[in-house]
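# Close look at the chain arrangement
Listed here are the chains, written in short residue letters.
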Amino acid sequence: MKKLINAPDEVLADALAGVAAAHPSLSVNHADRYVTRAGGPTPGKVSLVSGGGSGHEPLHGGFVGYGMLDAACPGEVFTSPVPDQILAATKAVATDAGVLHIVKNYTGDVLNFQMAAELAADDGLRVEAVVVNDDVAVENSTWTAGRRGTGATVFVEKIVGAAAEQGVDLAALAALAREVNDRSRSFGVALTPCVVPAAGRPGFELADDEIELGVGIHGEPGRVRGALVSVKEIARIALEAIHADAPLSGDVLVMVNGLGGTPLIELYIVFAAVADWLAAHGVTIARSLVGNYVTSLEMAGCSITVCRLTPALTDLWDAAVDTPALRWGR
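Residues numbered from 1 in each chain as written. Predicted model: local features only at pLDDT ≥ 70, side-chain atom pairs only at ≥ 80, totals over all residues. Heavy atoms only, no water.

### Examining helix 3 (residues 107-122)
A rise of 1.5 Å per residue sets the reference length of helix 3, with its 16 residues, at 22 Å; its end C-alpha atoms lie 23 Å apart and thus fit the reference within 8%. For helix 3, the full list of buried residues reads Asp109, Asn112, Phe113, Ala116, Ala117 and Ala120. What you see down the axis of helix 3 is that its buried residues fit within an arc of 140 degrees, all on one side. Looking one or two residues past helix 3, glycine 124 carries a phi angle of roughly 90 degrees, positive in sign. (Helix = DSSP H or I, 4+ residues; strand = E, 2+ residues; numbered from the N terminus. Expected span 1.5 Å × (residues − 1). Buried < 20%, exposed > 50% of the residue type's maximum accessible area, 1.4 Å probe, protein only. Arc of directions from axis to C-beta.)

Okay, here's the thing in structure tokens:
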């Protein structure tokens, strides 16, 4: 194992030290292991809290800031944050307007956020939760009951974050988050596995001429393991799976996301293939992202996420955002 680390059991602590040093706009609580905006919560605004296992950077800490999250809770690599950690972050950013938990659909995340929300309610805090489950590849997987939460998490955090800045109330924000999730679908493809530092070896094996179609962001099995094919064929397989589950039409938001080990030039080749397929099917790419947003350590591959836009969702996507990983309009 070759990694830029000091020791396997120090990865999260050392990474949080780096986040604190690199981003003065963020405040890192090293004892309870959560990240918030340096200026604290905004009075009267619903606060957004998310989190999950580390190893998916910039998700979630990189999306803390104006127009997105108020706090993020990173667990150990590929491991859910614990309830006390989530509770501490929730309390740190809570306002009278309430707190919205944005939770990816993994069993540990769902259970731990639920427990934290119950503890917060016992302390008199208003907390609602939404679960993101956009991955069409498989219905149940190694770590989930139901579909996995992947790239749509970024869409939910951005769009709902914009609405929160506008003063939208907790119930309406939860409904908006569910709408974005319902209108979004994802599909991932792996060319190589990744190595979790604590394990010291690849999480699965792929031959040099094999790919995993429908892979999860922790290396969970997908739909099928097949031969390496062209990018155009990979885009077709992914988009046909998305289109079959939620027919695409009109204006869409598209993210071609790198899983950590894919050069940007290859992600643009993927995006070109995606654009060709969508154009051939009468679908208009109105907004787009290309890059690393939901990674899986050093896994080579990509995921494709598509959200069917409405004018209101487009306006919220375009609204100003200022975080380490997303920044425009401000």
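On we go from here.
### Some remarks on the state of the cysteines
Considering all chains together, one arrives at 0 disulfides under this definition. Cysteine cysteine 307 remains unbridged, with the sulfur of cysteine 302 as its closest cysteine sulfur at 18 Å. You can call cysteine 307 buried: its relative accessible area is 0%. (Disulfide = S-S within 2.5 Å.)

### Notes on the packing of aromatic side chains
Under the criterion given, the structure shown has 2 aromatic pairs. Relative to tryptophan 317, the ring of phenylalanine 155 lies with its centre 5.6 Å away and its plane at 85 degrees, an arrangement referred to as edge-to-face. With phenylalanine 155 in helix 4 (residues 152-165) and tryptophan 317 in helix 8 (residues 311-318), this pair connects stretches of sequence that are 162 residues apart. Comparing phenylalanine 155 with tryptophan 317, the two get one shared label, buried. Ring centres of tryptophan 317 and tryptophan 328 lie 5.5 Å apart, and the angle between their planes is 50 degrees; on these two criteria the pair is classed as tilted. Here tryptophan 317, found in helix 8, pairs with tryptophan 328, found in strand 14 (residues 327-328); they are 11 residues apart in sequence, far enough to count as distant. The exposure class of tryptophan 317 is buried, given its relative accessible area of 3%. Joined through ring pairs, the aromatic side chains of Phe155, Trp317 and Trp328 make up one cluster. In this arrangement the basic side chain of arginine 330 is found over the ring face of tyrosine 66, its NZ or CZ atom lying 3.9 Å from the centre. (Phe/Tyr/Trp six-rings, centres within 6.5 Å; stacked < 30°, edge-to-face > 60°. Lys NZ or Arg CZ within 6 Å of the ring centre and 35° of its normal.)

### Let's talk about the pattern of salt bridges
Inspection of the entire model under this criterion finds 17 salt bridges. As a salt-bridge pair, lysine 104 and aspartate 109 come within 3.8 Å of each other at their nearest N and O atoms. Among the charged side chains, a network of salt bridges with common partners joins Arg37, Lys45, Asp70 and Glu165. (Salt bridge = Lys/Arg side-chain N within 4 Å of Asp/Glu carboxyl O.)

### Some points on the layout of surface pockets
Reported here for the largest pocket is a volume of approximately 630 Å³. Looking at the largest pocket, it is lined by 35 residues, and the ones nearest its centre are Val11, Ala15, Ser54, Gly55 and Glu57. Secondary-structure elements contributing two or more residues to the lining of the largest pocket are helix 1 (11-22), strand 3 (47-54) and strand 4 (71-77). Residue composition of the lining of the largest pocket, by class: 19 nonpolar, 11 polar and 5 charged. (1 Å grid on protein atoms, 1.4 Å probe; cavity = no way out; pocket = protein on both sides within 12 Å on 5 of 7 lines; lining within 4 Å. Points joined across faces, edges and corners; volume = space filled by probe spheres on them. Nonpolar A, V, L, I, M, F, W, Y, C, P; charged D, E, K, R; others polar.)

### As for the packing of helix 4 against helix 5 (residues 170-182)
Here helix 4 crosses helix 5 at 150 degrees, and the two axes come no closer than 9 Å. One way to sum up the angle between helix 4 and helix 5 is to call them roughly antiparallel. Like other packed secondary-structure pairs, helix 4 and helix 5 cross with a definite hand, here right-handed. Contacts between helix 4 and helix 5 pair Phe155, Val156, Ile159, Val160, Ala163 and Ala164 from the former with Leu173, Leu176, Ala177, Val180 and Asn181 from the latter. When grouped by side-chain class, the residues that make up the contact of helix 4 with helix 5 number 10 nonpolar, 1 polar and no charged. (Axes fitted to C-alpha atoms, helices over the stretch in contact; angles between N-to-C directions. Parallel < 35°, antiparallel > 145°, perpendicular 65-115°, else oblique. Left-handed = near helix turned anticlockwise from the far one by under 90°. Contact = heavy atoms within 4.5 Å.)

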